[in-house]
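Here's the letter readout for the chains.
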Amino acid sequence: MEMHHQSRTSYYVVNSITMYRLVSAPFLLILAVVGAIGIFKWLIAFSFLTDAVDGPLSRKYKVTSVFGARLDSVADDATVLVSIIALCILHSDFIYSHWIIIAGLLALFVIQMTAALIAYKKVTSFHTYLAKFAAVTQAIFFLLKFFDLPFGEAAFYVTCAVTGLELLEEIILVIIIPEWKSNVKGLYWVLRSNRDAEEASK
């Protein structure tokens, strides 16, 4: 009974960390709009930190769930969306000079989202290895820009390359995975699993 209680406590703690990221998103947006840059940049950094810890915590304490996976995906998207809007507000010149690349990524995101809604009637929560790596590069880029640190330009191109590959992978996964799944390692593992299943059925 005690272990059950501990599991429930861990479940609520981990999901509360993820929920913070979602609930804080509109307040972060307000801070960016009103120009409270000092507070905004530290709170957005904290949001990215919660993204780095909630996943490992859920696996460590074995409290992964469909709800938690979906909540994490929505919270991640909300944090990135706020960061993009804040970047448009605070660094509009940067957005203007790179709008073609950004538009391309947005197009891939719309295609991925549309494909998921058509196939699953909800957004994906694959959490692939490539998606996790993309999240890290995105966080590094946004923080470099918001804190006016060097190497923001280089980080931007790395982030765009990784994010573009991640979105392409998710589009392909939506096409080849018939039912909604969470915590999919990546395209390579799905193809290998399908091949092994075909060989076993022969």
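Structural notes, computed from the coordinates.

Each value, and the rule that gives it
- Residues numbered from 1 in each chain as written.
- Predicted model: local features only at pLDDT ≥ 70, side-chain atom pairs only at ≥ 80, totals over all residues.
- Heavy atoms only, no water.
- Helix = DSSP H or I, 4+ residues; strand = E, 2+ residues; numbered from the N terminus.
- Rg over C-alpha atoms; globule rule 2.2 N^0.38 Å.
- Buried < 20%, exposed > 50% of the residue type's maximum accessible area, 1.4 Å probe, protein only.
- Contact = heavy atoms within 4.5 Å.
- Areas by Shrake-Rupley, 256 points an atom, 1.4 Å probe, with all protein chains shown as cover.
- Expected span 1.5 Å × (residues − 1).
- Phe/Tyr/Trp six-rings, centres within 6.5 Å; stacked < 30°, edge-to-face > 60°.

## Describing the overall build of the protein chain
Argument step 1. Helices and strands together make up the secondary structure of the protein chain, namely 8 helices and 0 strands.
Argument step 2. Helices and strands in the protein chain line up, N terminus first, as α-α-α-α-α-α-α-α.
Argument step 3. Over its C-alpha atoms the protein chain spans a radius of gyration of 18 Å, differing by no more than 12% from the 17 Å that the globule rule assigns to 202 residues.
Argument step 4. Residue burial in the protein chain is summarised as follows: out of 202 residues, 40% are buried.
Argument step 5. Once local pairs closer than 6 in sequence are excluded, the contacts in the protein chain between residues at least 24 apart make up 77%.
Argument step 6. Accessible surface, the protein chain as shown: approximately 11,800 Å² in total, 70% of it carbon and sulfur.

## As for the environment of leucine 105
Argument step 1. When you line up the elements, leucine 105 lands in helix 5 (residues 99–120).
Argument step 2. Assessed through its relative accessible area of 18%, leucine 105 is described here as buried.
Argument step 3. In this structure the C-alpha to C-alpha distance between leucine 105 and cysteine 160, which are 55 residues apart in sequence, comes to 7.4 Å.

## Examining helix 2 (residues 37–60)
Argument step 1. Along its 24 residues, helix 2 runs 35 Å from first to last C-alpha, staying within 8% of the 34 Å computed at 1.5 Å per residue.
Argument step 2. Every buried residue belonging to helix 2 is among Phe40, Ile44, Ala45, Ser47, Phe48, Thr50, Asp54, Gly55 and Ser58, and all of these are buried.
Argument step 3. Just beyond helix 2, the residue with positive phi is lysine 62, at close to 55°.

## As for the packing of aromatic side chains
Argument step 1. Per the counting criterion, the structure on display carries 12 aromatic pairs.
Argument step 2. Aromatic side chains tyrosine 129 and tryptophan 189 sit 5.1 Å apart centroid to centroid with 80° between the ring planes, which places their arrangement in the edge-to-face category. Of the two residues, tyrosine 129 sits in helix 6 (residues 129–146) while tryptophan 189 sits in helix 8 (residues 187–201), which places them 60 residues apart along the sequence.
Argument step 3. Looking at tyrosine 129, the relative accessible area reads 43%, which means it is partly exposed.
Argument step 4. Among the aromatic side chains, those forming a connected cluster through ring pairs are Phe40, Phe48, Phe94, Phe141, Phe142, Phe146, Phe156 and Tyr157.

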